[in-house]
Amino acid sequence: MDLRKLKTLIDLVAESGIAELEVTEGEDRVRIAKFSPAPAAPTSSTTVMAAPAPASAAAAAPVPAPEPVPTGHVVKSPMVGTFYRSPSPGAAAFVELGQAVKPGDTLCIIEAMKLLNEIEAEVGGVVKEILVENGQPVEYGQPLFVID
């Protein structure tokens, strides 16, 4: 199954009300589940299920430390879509870590429903952190950049 078909299927799941989609094409089989912690990947016909952990083991598990709150201006995603750092696959990224930006500079593109939406800097400063990987799906309100 080619990458364009997979992207179309992922977009279909993301934009619709369905929670899960499974497609079989010849020997290839893909299962895409919304809000799944693991990326969508071809699966084999064998499914392995883990036994539930005893309650005492769950109580003894260490509590993960909360993520540090970034300092500076956080640029958040204004929509659900796919994050792209550059205008095309072979092009240079709009911004790099440590680059100075001014209000109105394009930081990235978010593709939503086949439309490319440029996300611009709201404030001037230096790009301190890039919080999303290229090609990764993003949610509304998800932090994308930290500008200090």
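Please refer to the structure placed before this passage.
Each chain carries its own residue numbering, running from 1 in the direction its sequence is written. Whole-chain, interface and lining totals are the exception, using all residues; otherwise, since this is a predicted model, local features are given only for residues with pLDDT of at least 70 and side-chain atom pairs are given and counted only at 80 or more. With hydrogens and water excluded, all non-hydrogen atoms of the structure serve as input to the side-chain values.

### A few points about the pairing of strand S1 (residues 20–25)
Then step 1. Relative to strand S2 (residues 28–33), S1 runs antiparallel, the two sharing 6 bridges. Of the residues in S2, the one forming a bridge with Thr24 is Arg29.
Then step 2. Counted along the chain from S1 to the antiparallel partner S2, the turn is 2 residues long, and its residue Gly26 has a positive phi close to 65°. Two strands are counted as paired when DSSP detects at least two bridges linking them. Every helix listed is a DSSP run of H or I at least four residues long, and every strand listed is a run of E at least two residues long, numbered separately from the N terminus.

### Some remarks on the sheet that holds strand S9 (residues 125–130)
Then step 1. One open sheet holds the 4 strands; their spatial order is S4-S11-S9-S6, and the pairing between them is antiparallel. Of all strands in the sheet, those with a lone pairing partner are strand S4 (73–76) and strand S6 (100–101), marking the two edges.
Then step 2. Taken together, the 4 bridges between S4 and strand S11 (residues 143–147) define a ladder with antiparallel strand orientation. Paired with Val75 across the two strands is Phe145, which belongs to S11.

### Here's the deal with unusual backbone geometry
Comment: phi is negative for the bulk of residues other than glycine, and the bulk of peptide bonds are trans.
Then step 1. You will see that Met113, though not glycine, has its phi angle at about 55°, which is positive.
Then step 2. Here Met113 shows up in the loop between strand S7 (106–112) and strand S8 (115–120).
Then step 3. The backbone of Lys114 sits at a positive phi, close to 65°, despite the residue not being glycine.
Then step 4. Relative to the elements of secondary structure, Lys114 occurs in the loop between S7 and S8.
Then step 5. The buried label goes to any residue with under 20% of its type's maximum accessible area, the exposed label to any with over 50%, and the partly exposed label to all in between, with areas taken from a 1.4 Å probe on protein chains only. Judged by its relative accessible area of 54%, Lys114 is exposed.

### As for the nonpolar core
Then step 1. If you look at the biggest cluster of nonpolar residues, it comprises 15 residues, and the most contacted ones within it are Phe83, Val101, Leu107, Cys108, Leu144 and Phe145.
Then step 2. Within the residue set of this core, elements represented by two or more residues are S7 and S11.
Then step 3. Note on contacts: a residue pair is in contact if any heavy atoms of the two residues lie within 4.5 Å. Leave out the neighbours within four places in its chain, and Val101 touches Val95, Leu107, Ala121, Val123, Gly124, Gly125, Val127 and Ile147.
Then step 4. With 5 residues, the next largest nonpolar core counts Leu9, Val13, Leu21 and Ile32 among its residues. Throughout this description, the term nonpolar core refers to a set of buried Ala, Val, Leu, Ile, Met, Phe, Trp, Tyr and Cys residues connected via side-chain atoms within 4.5 Å.

### Some points on the side chain of Glu111
Then step 1. Residue placement: Glu111 occurs in strand S7.
Then step 2. Its relative accessible area of 14% is what places Glu111 among the buried residues.
Then step 3. Each polar contact in these results corresponds to two N or O atoms within 3.5 Å; when the atoms are within protein, one needs to be able to donate a hydrogen and the other to accept it, and residues that are neighboring in sequence are counted only if both atoms are side-chain atoms. At a separation of 3.4 Å, a polar atom in the side chain of Glu111 contacts the side chain of Tyr84.
Then step 4. Ignoring any residue separated from it by four or fewer positions in sequence, one finds Glu111 in contact with Lys7, Gly81, Thr82, Tyr84 and Leu116.

Just geometry here; none of it tells us what the structure is for.
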